[in-house]
Amino acid sequence: MLTGYTVKKKNLDYYKYSGKDGTVNVSAKELHNKYSDLLDEFRIPQNLIPILTNVLKQKFEEKENVQADEIRSIDKNLATIASHIKTVKKNFAVGKIEEDVYNEVIRDLEQDKRDAEAARERASVNLSNLASYIDEAIAIACNLSAYWKKGDFELCQNIQNLVFPDGVKWDKENREY
């Protein structure tokens, strides 16, 4: 694994590796440019873009359906919790349960309600802009090199993990990935 570092006197970034295969020091600029060139090899041909668009549309719609099922389940749970709260309040009002029991049960039910409402909010991520999500995904897939060059650290890591989940190796003799 390469480790990045900065030479402060030159204000230049480098990567180094020391291991059983020897030692390597390479300019970050060189590595990033070569990586960008490597990513250029992963272009989606124009004739496959409609197919990719359909696949992405299906995947996003599947995700929306799963979210809708999850929301229905959470709503059902919220209705059950509301019913339990109502029952506990009635039982307390007519003297069927003591105040300390009431307070403990209501506290637990209110926490369950807050947890369920938070889960519902997380599940309610709206995919109403489906076309724009698909366009953005295709734009990224068709221009990995450009996104790599202008991306921040997190985006670059995401691209690396997407394209090369097992990582890449640097050939120090040929100075290529």
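In short, a report on the structure. (Residues numbered from 1 in each chain as written. Predicted model: local features only at pLDDT ≥ 70, side-chain atom pairs only at ≥ 80, totals over all residues. Heavy atoms only, no water.)

### What about the overall build of the chain?
Move 1: Per the secondary structure count, the chain includes six helices and three strands.
Move 2: From first element to last, N terminus to C terminus, the chain shows the α and β order β-β-β-α-α-α-α-α-α.
Move 3: Taken over C-alpha atoms, the radius of gyration comes to 27 Å for the chain, far larger than the 16 Å a tight globule of 177 residues would show.
Move 4: On the principal axes, the C-alpha backbone points of the chain span a range of 85 × 45 × 30 Å.
Move 5: Across the 177 residues that make up the chain, the buried fraction comes to 21%.
Move 6: Put simply, the chain shows about 13000 Å² of open surface, and 51% of that area lies on carbon and sulfur atoms.
Move 7: Between the mean site of the 27 positive side-chain charges and the mean site of the 30 negative ones, the chain shows a separation of 3 Å. (Helix = DSSP H or I, 4+ residues; strand = E, 2+ residues; numbered from the N terminus. Rg over C-alpha atoms; globule rule 2.2 N^0.38 Å. Buried < 20%, exposed > 50% of the residue type's maximum accessible area, 1.4 Å probe, protein only. Areas by Shrake-Rupley, 256 points an atom, 1.4 Å probe, with all protein chains shown as cover. Lys, Arg positive; Asp, Glu negative; His and termini not counted. Charge placed at Lys NZ, Arg CZ, Asp CG, Glu CD.)

### What about the sheet that holds strand β3 (residues 22–27)?
For sheets, the rule is that strands pair by backbone hydrogen bonds, running either parallel or antiparallel.
Move 1: Reading across the sheet, the three strands line up as β1-β2-β3 and stay open at both edges, with antiparallel pairing between neighbours. Two strands close off the open sheet at either side, each with one partner strand: β1 (3–7) and β3. Across the sheet, the axes of successive neighbouring strands diverge by a mean angle of 30 degrees, strand direction being ignored.
Move 2: Bridge analysis of β1 against strand β2 (residues 12–19) gives five bridges, and the strand direction is antiparallel. Looking across to β2, one finds that T6 is bridged to D13. (Pairing = 2+ DSSP bridges. Axes fitted to C-alpha atoms, helices over the stretch in contact; angles between N-to-C directions.)

### A short note on the nonpolar core
Move 1: If you look at the biggest cluster of nonpolar residues, it comprises twelve residues: I71, I74, L78, I81, I85, V88, Y102, I106, L109, A116, A119 and A123.
Move 2: Only α2 (49–93) and α3 (99–123) provide two or more residues apiece to this core.
Move 3: Setting aside chain neighbours within four positions, we find A123 in contact with Q67, E70, I71 and I74. (Core = buried A, V, L, I, M, F, W, Y, C linked by side-chain atoms within 4.5 Å. Contact = heavy atoms within 4.5 Å.)

### Section: a negative patch on the surface
Move 1: A cluster of acidic side chains, namely E98, E99, D100, E104, D108, D112 and D115, defines a negative patch on the protein surface.
Move 2: With respect to the helices and strands, E98 occurs in the loop between α2 and α3.
Move 3: Owing to a relative accessible area of 56%, E98 belongs among the exposed residues under this scheme. (Patch = residues over 30% accessible without salt bridge, like charges linked within 9 Å, V, L, I, M, F, W, Y side chains within 5 Å. Salt bridge = Lys/Arg side-chain N within 4 Å of Asp/Glu carboxyl O.)

### Focus on a nonpolar patch on the surface
Move 1: Where nonpolar side chains cluster on the molecular surface, the patch consists of L48, I51 and V55 and spans about 240 Å² of accessible area.
Move 2: Here V55 lies in helix α2.

### With respect to the packing of aromatic side chains
Move 1: Within the structure shown, the criterion is met by seven aromatic pairs.
Move 2: An angle of 40 degrees between the planes, with centres 4.4 Å apart, marks the rings of Y35 and W148 as tilted. Here the residue Y35 occupies a position in helix α1 (residues 28–40), and W148 occupies one in helix α5 (residues 144–150), the gap between them amounting to 113 residues. Note on accessibility: Y35 and W148 belong to one class, buried.
Move 3: Seen from their ring centres, F42 and F164 are 5.5 Å apart, and the 90 degrees between their planes marks the pair as edge-to-face. Separated by 122 residues along the polypeptide, F42 in the loop between α1 and α2 and F164 in the segment after α6 (153–163) bring together distant segments of the chain.
Move 4: Exposure remark for F42: the relative accessible area of 36% places this residue in the partly exposed category.
Move 5: An aromatic cluster is defined as three or more aromatic residues linked by ring pairs; in this entry it consists of Y35, F42, W148, F164 and Y177.
Move 6: Lying across the ring of Y5, K16 places its NZ or CZ 5.5 Å from the centre. (Phe/Tyr/Trp six-rings, centres within 6.5 Å; stacked < 30°, edge-to-face > 60°. Lys NZ or Arg CZ within 6 Å of the ring centre and 35° of its normal.)

### Points about α2
Move 1: Helix length check: α2, at 45 residues, gives a terminal C-alpha distance of 65 Å against a target of 66 Å (1.5 Å per residue), a fit within 8%.
Move 2: Within α2, burial applies to I49, L56, F60, Q67, I71, I74, L78, I81, I85 and V88.
Move 3: Those residues of α2 that are buried lie in contact with α3 and α4 (130–142). (Expected span 1.5 Å × (residues − 1).)

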